[in-house]
Amino acid sequence: MDRQELTLLFENAFPFWEGLGDWDKETFLNSSQYVEFKKGTNIHDGGECTGVILIKSGSLRLYMLSDEGKEITLYRLFPGDTCILSASCVLHTITFDVFIDAEEDSECVVVGGCAYEGVWQRSDEVKIFTYETALSRFSDVMWIMQQILFMSMDKRLAIFLLDEISKVGGDTVKLTHEQIAKYMGSAREVVSRMLKYFAADGIISSSRSEGIKILDKKRLRALAG
């Protein structure tokens, strides 16, 4: 990726970019690295400061990992999104470990954590953007926790399926039962059993070759409500 393309990416991703001085812009450009991550690659492994990640293509999954190895997906990131939680050296108040994997082959730009922190210390606009981005993601995390703690499984699954088709368009979710369970912080057997109930009620159809097709969005929305 050349400097012109990198500059354009920063202009679109960072609302503070135009207000930065030439020195700070050069700091960002010189400390950034274009990286291609293969599907399944672990990008951020806990507490180390990987840097601020901009997603150009593909998708990333952020999750927490228990001592027993159970994963809870916090949220997912898509093209145009910025990952702040991977830069623990900037947000010192983050006291829990977040793991990040590439969900699919992904193109990213990683802004070095030390460079980002240096600009962050000099610019109120960068501070505001950083805190607002982190706050919006914590809102996503709280929504996930609310679902896990207070919602029934059928409602959680209905919400998940509706969210997926809104992201990808169409009426088919091309994810395996194992993937859905991982994203929802549940067991594959539980997800498979609930999908069978949905299929028996005519809400969905499911097959390995075609994925999960939504047949009755009205009833699915009623379950999600």
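The preceding data block contains the structure.
Let us look at the structure shown here. What you are looking at is a predicted structure, and each value in this text was computed from that prediction instead of being measured.

1. Let's talk about the overall build of the protein
Of the regular secondary structure elements, the protein holds eight helices and eleven strands. The dimensions of the protein, computed from C-alpha atoms along their principal axes, are 60 × 35 × 30 Å. Here the protein holds 225 residues, and the buried ones make up 47% of them. Within the protein, residue pairs in contact and separated by at least 24 positions form 68% of the contacts whose partners lie at least 6 positions apart. Roughly 11900 Å² of accessible area belongs to the protein as shown, and the carbon and sulfur atoms make up 52% of that amount. Computed over 25 positive and 34 negative side-chain charges, the separation of the two mean positions in the protein equals 10 Å.

2. Some words on the nonpolar core
In terms of nonpolar packing, the biggest core is built from 43 residues, with Phe10, Phe14, Phe28, Ile53, Leu54, Leu60 and Tyr116 touching the most fellow members. Sequence-distant contacts of Tyr116, defined by excluding residues within four places in its chain, comprise Phe14, Phe16, Phe28, Val52, Ile84, Val90, Val111, Val126, Phe129 and Thr130. Counting residues in hydrophobic clusters, the runner-up holds 25 residues, among them Ile159, Ile204, Ile212 and Ile214.

3. Details of the packing of aromatic side chains
Applying the stated criterion to the full structure yields 14 aromatic pairs. Geometrically, the ring pair formed by Trp17 and Phe28 is edge-to-face, given 6.0 Å between the ring centres and 85° between the ring planes. Taken together, the residues Trp17 in the loop between helix H1 (3-13) and helix H2 (22-31) and Phe28 in helix H2 connect sequence positions eleven residues apart. Judged by relative accessible area, which is 0%, Phe28 ranks as buried. Between Phe28 and Tyr116, the ring centres sit 5.5 Å apart and the planes meet at 65°, which makes this aromatic pair edge-to-face.

4. Some points on the layout of surface pockets
Taken as a whole, the largest pocket holds about 360 Å³ of empty space. Contributing to the lining of the largest pocket are 18 residues, with Ile144, Gln147, Phe160, Asp163 and Lys167 lying nearest its centre. At the level of secondary structure, the elements contributing two or more residues to the lining of the largest pocket comprise strand S5 (71-77), helix H4 (124-150), helix H5 (153-168) and helix H6 (177-184). Here the lining of the largest pocket is built from residues that sort into nine nonpolar, two polar and seven charged.

5. Side note on the packing of H1 against H2
At a minimum axis distance of 11 Å, the contact between H1 and H2 shows a crossing angle of 115°. Taken together, the axis directions place H1 and H2 in an arrangement best described as roughly perpendicular. Regarding H1 and H2, the two cross each other, and that crossing is right-handed. Facing Arg3, Leu6, Thr7 and Phe10 of H1, the residues of H2 in contact are Glu26, Phe28, Leu29 and Asn30. For the contact of H1 with H2, the class distribution of residues is four nonpolar, two polar and two charged.

6. With respect to the state of the cysteines
Using the criterion set out here, one finds zero disulfides in the structure. Of all cysteine sulfurs in the structure, the one in Cys108 sits closest to Cys83, which takes part in no disulfide; the separation is 9.2 Å.

7. Considering H2
Residues of H2 that are buried include every one of Asp24, Lys25, Thr27, Phe28 and Leu29, and no others. Against the buried residues of H2 lie H1, strand S1 (32-37), strand S8 (106-111) and helix H3 (113-122).

8. Focus on the side chain of Lys25
For Lys25, the location among the structural elements is in helix H2. Among buried charged residues, Lys25 stands out as having no salt bridge; its nearest opposite-charge side chain is Glu18, 4.1 Å away. Leave out the neighbours within four places in its chain, and Lys25 touches Trp17, Glu18 and Leu20.

9. Comments concerning the sheet that holds strand S11 (residues 211-214)
One open sheet holds the three strands; their spatial order is S9-S11-S10, and the pairing between them is antiparallel. Strands with a single pairing partner mark the edges of an open sheet, and in this sheet they are strand S9 (172-173) and strand S10 (204-207). By the bridge criterion, two bridges tie S9 to S11 in an arrangement that is antiparallel. Directly across from Val173, in S11, lies its bridge partner Ile212.

10. Description of the sheet that holds S5
The sheet built from four strands is open, its strands ordered S2-S7-S4-S5 with antiparallel pairing. With partners counted over all chains shown, the strands left at the sheet margins are strand S2 (42-46) and S5, one partner each. Neighbouring strand axes in the sheet, compared pairwise and without regard to direction, differ in orientation by 25° on average. Each of strand S4 (60-65) and S5 touches H6; the most contacted strand, S5, lies at about 95° to it.

Conventions adopted
- Residues numbered from 1 in each chain as written.
- Predicted model: local features only at pLDDT ≥ 70, side-chain atom pairs only at ≥ 80, totals over all residues.
- Heavy atoms only, no water.
- Helix = DSSP H or I, 4+ residues; strand = E, 2+ residues; numbered from the N terminus.
- Buried < 20%, exposed > 50% of the residue type's maximum accessible area, 1.4 Å probe, protein only.
- Contact = heavy atoms within 4.5 Å.
- Areas by Shrake-Rupley, 256 points an atom, 1.4 Å probe, with all protein chains shown as cover.
- Lys, Arg positive; Asp, Glu negative; His and termini not counted.
- Charge placed at Lys NZ, Arg CZ, Asp CG, Glu CD.
- Core = buried A, V, L, I, M, F, W, Y, C linked by side-chain atoms within 4.5 Å.
- Phe/Tyr/Trp six-rings, centres within 6.5 Å; stacked < 30°, edge-to-face > 60°.
- 1 Å grid on protein atoms, 1.4 Å probe; cavity = no way out; pocket = protein on both sides within 12 Å on 5 of 7 lines; lining within 4 Å.
- Points joined across faces, edges and corners; volume = space filled by probe spheres on them.
- Nonpolar A, V, L, I, M, F, W, Y, C, P; charged D, E, K, R; others polar.
- Axes fitted to C-alpha atoms, helices over the stretch in contact; angles between N-to-C directions.
- Parallel < 35°, antiparallel > 145°, perpendicular 65-115°, else oblique.
- Left-handed = near helix turned anticlockwise from the far one by under 90°.
- Disulfide = S-S within 2.5 Å.
- Salt bridge = Lys/Arg side-chain N within 4 Å of Asp/Glu carboxyl O.
- Pairing = 2+ DSSP bridges.

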